[in-house]
Amino acid sequence: MTKWDKILIIMVICSSVLGMFYVKSISTNKANLYLAIEVDGKPYKTISLGGAQANQIITVETAAGRNVIEVEGNRVRIKEADCKDQLCVKMGWLSRSNQISVCLPNRVSVKLIGGETNDIDIISY
Ligand SMILES: [Zn+2]
């Protein structure tokens, strides 16, 4: 084995280690996606998505009305609402960072924040 063979082997090992780190950083970013629920402009609840926890239903009850928010893995929607326009329900699923669903009559907003913007940056390179 020549000196250059050894250097080549070391380079291959280094790049595979870096590759593992790269994959790990992507999955970490996905885990950093958060659901932020606001009521009347104030934070009501923040939930980390994509973790080990199972799908869940969050009911937001305020003096203005009631919204049922459904979480399914990395996506979120307002499943039911007692508002008249039902626009928030029609908005459907949110699955990417910075997507927002708002129920104006009930003053409830559901927003995805964090992680996934970083994912898009990595993929676009
Ligand atoms: Zn609504």
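Here's what I pulled together on the structure shown here. Not measured: the values here are computed from a predicted model.

What follows is about the nonpolar core. Generally speaking, nonpolar side chains in soluble globular proteins are found buried as a group. By size, the foremost hydrophobic cluster in this structure holds 20 residues, and its most contacted members are Leu35, Leu49, Ile58, Ile69 and Val76. For this core, the secondary-structure elements that each account for two or more residues are β1 (33–39), β3 (56–61), β4 (66–72), β5 (75–81) and β7 (108–114). When residues of this core are assigned to their parent elements, the largest contribution, four residues, is made by β1. The contacts of isoleucine 69, once residues within four sequence positions are left out, are Leu35, Ile37, Gln56, Ile57, Ile58, Val60, Val76, Arg77, Ile78, Lys79 and Val110.

Most of β1 is tucked away, with five of its seven residues classed as buried. Bridge count for β1 against β7 is seven bridges, and the pairing is antiparallel. The residue of β7 that forms the bridge with leucine 33 is glycine 114. Pairing of β1 with strand β2 (residues 42–48), which is carried by six bridges, proceeds in the antiparallel orientation.

Inspection of the entire model under this criterion finds four salt bridges. Note that arginine 107 is salt-bridged to aspartate 40, the shortest N-O span being 3.1 Å. Residue arginine 107 is located in the loop between β6 (100–103) and β7, and its partner aspartate 40 is located in the loop between β1 and β2; the two are separated by 67 residues in the primary sequence. The shortest N-O distance in the salt bridge between glutamate 70 and arginine 77 comes to 2.8 Å. For arginine 77, a relative accessible area of 25% corresponds to the partly exposed category.

Cut-offs applied
Residues numbered from 1 in each chain as written. Predicted model: local features only at pLDDT ≥ 70, side-chain atom pairs only at ≥ 80, totals over all residues. Heavy atoms only, no water. Core = buried A, V, L, I, M, F, W, Y, C linked by side-chain atoms within 4.5 Å. Buried < 20%, exposed > 50% of the residue type's maximum accessible area, 1.4 Å probe, protein only. Helix = DSSP H or I, 4+ residues; strand = E, 2+ residues; numbered from the N terminus. Contact = heavy atoms within 4.5 Å. Pairing = 2+ DSSP bridges. Salt bridge = Lys/Arg side-chain N within 4 Å of Asp/Glu carboxyl O.

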